[in-house]
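Descriptive analysis of the structure
Chain residues, written in single-letter form:
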Amino acid sequence: MTEKFTGSFTQQEPIPEEGIAAALEVMRHGRLHRYNLAEGEDGEVALLEREFSGYVGAKYALAVASGGYAMATALRAVGVTPGDRVLTNAFTLAPVPGAIAGIGAVPVFVGVTEELVIDLDDLEAKAGEADVLMLSHMRGHICDMDRLMAICDAARITVIEDCAHTMGAAWKGVPSGRHGLVGCYSTQTYKHMNSGEGGFLVTDDDEVMARGVMLSGSYMLYGRNGTVPPEEVFARVKYETPNVSGRMDNLRAAILRPQLAKLDGQCAAWNARYRAVEDGLRGTPGLRVVERPEEERYVGSSIQFLLLDWPDAAVADVIDRCKGRGVELKWFGGAEPTGFTSRYDSWRYAPSERMPETDRVLKGIVDMRLPLTFSLEDCALIARIIRAEVGAVWQEQAA
C-alpha cells in the first residue's frame, strides 16, 4: 500500500498554559498598552525585553510589532535614509527587501551559494556599493560569520542581522544576532516563538537603541522600557527621531515569556525532527542534502534540499507527487511567487541585475516546514515519501 501523510504543515503547538494564564490576567486588568502600567508595575513587555536581552547576551532589547518592523527600525536607527543603497541576500523572504524599500532605500542583492548562505566572494566584490548590510540568515543557514565580519569591518559596512529563522542558533557559540551592530528577530506564528505577529531588535549601542525606542513610539515614556539607555542619550535624539509606532503590547508579551523560558528545549526538539528527515533523504539519487558546518548551532524548524539542474517540469512534478501523498513542499525556483516563496527578480520595486549562479541555486531549492506537532515517526514517513517521489521522477528523466 502506498504510504500517505495526513498531518498539517501549518498546525502549531498550543501556547503554554503559563502563557494562557498570563494572557488572561492581562485581559482581566485591561492594561494591554505597554506604557499603561499600575504604580510600581513593570509590565509584561518590559519584563520580556529584559529576559530576551539576557537570553542573547545583549545590552538592550526592544520588543516591537513584527520582525519586518524591527528591520525597518534598525535601518532607520543606524542612519539609512531614502536613496541609500543597502546590501542584502538574493535568497531571502520578501519582508527583508521590503523593509529596505519601505524606508525609501535601495536593495543591492548579493548571491547565494549551494550551502544556501550569502556568497561571501560576491559580498566582497560588492562591498564598495553600500555602507550597510542587511544579512538574512535565510531558513536558518548561518554563513562563516568570522569572514563576513572581516569583510564588512574592512569596508566599514554596518551589519544588521535578520534572525527571523535563527532565534536560538549560534556561530561558534555566539548567538545569532550578536555579530552585527543590530540583531532583528520575529515571533510570527511560523517562527521559534509564536505571538501571531511580533519581533525584537537587540544591540549594545546606546544611541541605536535610543533611536529605536523613539521610533517605536515611546511618547517620551521610554523610562518604562525594559532595557533603557542613559537619559543623556535620549536627550540627543528624542526631538529629532520620528514616532513610527510599532510597539509590542502586553498581551503578546505575556504569551511569549513562557515560550522564551522553554526555547532551548524547543530548539532541540526541532533538530531531532530535522535529523530524522535529513537521515531519510541522504543518498536519494538526484537530491542534494545541505550540509551544516560544525561551527554552526542551527535550529531545524524547516529543512531544504536541492534538485540542482533539474528541468522546471521535473521539479514541479516532484512537488505535485508529494502533495498528492500529503507532503507540502515549497519551491523557490517557480517563476511566479506562491505563498511565501519568491525570488529577487519577483521584487520589481527593487530592480536587479541577473546573477546566473544564484539563479541556478534558487531554481533547485525545495523547502519544507517542520512543525513541532510532527512526531519523529511522522518525519521518517515524510522522508520516505519524498525519497520515493524524487527517485521516481529521477528515473523517468534518465529513461
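Look a little higher up for the structure.
So, here is what we can say about the structure in this document. Every chain is numbered on its own, with residues counted from 1 as its sequence reads. It should be noted that, the model being predicted, local features are given only for residues of pLDDT at least 70 and side-chain atom pairs only at 80 or more, the latter also being counted only at that level, while totals for whole chains, interfaces and linings use all residues. The side-chain figures draw on all heavy atoms in the structure; neither hydrogens nor water molecules are used.

1. Focus on the overall build of the chain
In plain terms, the rule: Only runs of H or I of at least four residues qualify as helices and only runs of E of at least two qualify as strands under DSSP, and these elements are numbered from the N terminus. By definition in these notes, contact holds between two residues if any of their heavy atoms fall within 4.5 Å. What sets the accessible areas is the Shrake-Rupley method with a 1.4 Å probe; for residues, cover comes only from the shown protein chains. None of His or the chain ends enter the tally, which takes Lys and Arg as positive and Asp and Glu as negative. Here the site of a charge means atom NZ of a Lys, CZ of an Arg, CG of an Asp or CD of a Glu.
Looking only at helices and strands, the chain has 13 helices and 14 strands in total. In terms of principal-axis extent, the alpha carbons of the chain reach across some 75 × 50 × 35 Å. Counting contacts in the chain only where the partners sit at least 6 residues apart, residues at least 24 apart contribute 72% of the total. As presented, the chain carries roughly 16,200 Å² of accessible surface, and 51% of it is formed by carbon and sulfur atoms. Computed over 41 positive and 56 negative side-chain charges, the inter-centroid distance for the chain is 3 Å.

2. As for the pattern of salt bridges
Operational definition: Whenever Lys or Arg places a side-chain nitrogen within 4 Å of a carboxyl oxygen from Asp or Glu, that contact is recorded as a salt bridge. When a residue's accessible area, from a 1.4 Å probe over protein chains only, is under 20% of the maximum for its type it is buried; when over 50% it is exposed; and in between it is partly exposed.
Following the criterion strictly, the structure yields 35 salt bridges and no others. The partner of K363 in a salt bridge is D312, and the shortest N-O contact between them spans 3.2 Å. Highlighted residues: K363 in helix 12 (residues 356-364) and D312 in helix 11 (residues 312-324), separated in sequence by 51 residues. Judged by its relative accessible area of 35%, K363 falls in the partly exposed class. Through salt bridges with shared partners, a single ionic network connects E114, E115, R288, D309 and R360.

3. Quick notes on the environment of E232
Its location among the elements puts E232 in helix 8 (residues 231-237). Measuring from C-alpha to C-alpha, the distance between E232 and E207 comes to 9.9 Å, with 25 residues separating the pair along the chain.

4. What to know about the packing of aromatic side chains
Heads up, the rule is: Only the six-membered ring of Trp is used, alongside the rings of Phe and Tyr, when aromatic pairs are assigned; centres must lie within 6.5 Å, and planes under 30 degrees apart are stacked while those over 60 apart are edge-to-face, with the rest tilted. Placement of a positive charge over a ring is assigned whenever Lys NZ or Arg CZ falls within 6 Å of the ring centre and within 35 degrees of the normal to the ring plane.
Enumeration over the complete set of coordinates arrives at 12 aromatic pairs. Pairing F91 with F332 gives two aromatic rings, centres 5.2 Å apart and planes at 90°, and the pair type is edge-to-face. Placement of the pair is F91 in the loop between strand 2 (85-89) and helix 4 (95-102) and F332 in the loop between strand 13 (330-331) and helix 12, with a sequence separation of 241 residues. Neither residue differs from the other here; F91 and F332 are each classed as buried. The structure contains a cluster of three or more aromatic residues connected by ring pairs, namely F52, Y55, Y185 and F200. The ring centre of Y298 lies 4.4 Å from the NZ or CZ of R292, which sits over that ring. Lying over the aromatic face of Y190, R369 brings its terminal NZ or CZ to 3.8 Å of the ring centre.

5. Points about the sheet that holds strand 6 (residues 170-171)
Rules: A strand pair is defined by DSSP finding two or more bridges across the two strands.
As summarised here, the arrangement of the three strands in space is 7-6-11, forming an open sheet in which the pairing is antiparallel. Every other strand in the sheet has two partners, leaving strand 7 (174-175) and strand 11 (296-297) as the edge strands with one partner each. Looking at chain direction, strand 6 and strand 11 are connected through two bridges and run antiparallel. Residue pairing across strands places W171 opposite E296, the latter belonging to strand 11.

6. With respect to the environment of R28
As for its position among the elements, R28 is in helix 1 (residues 17-29). In the structure, R28 is positioned 182 residues away from A210 in sequence and 32 Å away in space, judged by C-alpha atoms.

7. Some thoughts on the nonpolar core
Which entries qualify depends on this criterion: By convention a nonpolar core is built from buried Ala, Val, Leu, Ile, Met, Phe, Trp, Tyr and Cys residues, the set being connected through side-chain atoms within 4.5 Å.
By size, the foremost hydrophobic cluster in this structure holds 44 residues, and its most contacted members are F52, L123, L133 and L148. Other than its neighbours up to four places away in sequence, F52 contacts A61, M167, Y185, M193, F200, V202 and L260. Formed by 34 residues, the second largest nonpolar core is a distinct cluster that contains L62, L75, A77 and V132.

8. Observations concerning the pairing of strand 1 (residues 60-64)
Judged by how many residues are buried, strand 1 sits mostly within the fold: five of five residues are covered. Where burial is concerned, the two faces of strand 1 agree: the one with Y60, L62 and V64 and the one with A61 and A63 are both buried.

9. Here we look at helix 11
Put simply, the test is: One less than the residue count of a helix, multiplied by 1.5 Å, gives the span that helix is expected to have. Directions pointing from the helix axis toward each C-beta atom define the arc.
Over its 13 residues, helix 11 runs 18 Å from end to end, which matches the ideal 18 Å to within 8%, given 1.5 Å per residue. Looking only at helix 11, the buried set comprises A314, V315, V318, I319 and C322. Buried residues of helix 11, seen end-on, are gathered within an arc of 145° and therefore sit on one face of the element. Residues A313, D320 and K323 are exposed on helix 11 and point more than 90 degrees away from its buried face. Against the buried residues of helix 11 lie strand 13, strand 14 (365-369) and helix 13 (376-398). Backbone geometry just downstream of helix 11 places G326 in the positive-phi region, at approximately 90°.

10. Describing the sheet that holds strand 9 (residues 199-203)
Strand pairing in a sheet takes place through backbone hydrogen bonds and is either antiparallel or parallel in direction. The condition is simple: Axis definition: a line fitted to C-alpha atoms, limited for helices to the stretch in contact. Angles are taken between N-to-C directions and run from 0 to 180 degrees.
In spatial order, the strands read 1-9-8-5-4-2-3; together these seven strands make up an open sheet with mixed pairing. Among the strands making up the open sheet, the edge pair consists of strand 1 and strand 3 (106-110). Pairs of neighbouring strands in the sheet enclose a mean axial angle of 20°, with direction left out of account. Bridging between strand 4 (residues 132-136) and strand 5 (residues 158-162) involves five bridges; their strand directions are parallel. Looking at the pairing, L133 lines up with V159 of strand 5. Across the face of the sheet, helix 2 (residues 44-56) comes into contact with strand 1, strand 8 (182-186) and strand 9 while running at roughly 130° to strand 1. The strands that helix 4 touches are strand 2, strand 3, strand 4 and strand 5; relative to strand 3, the one it contacts most, it runs at about 145°.

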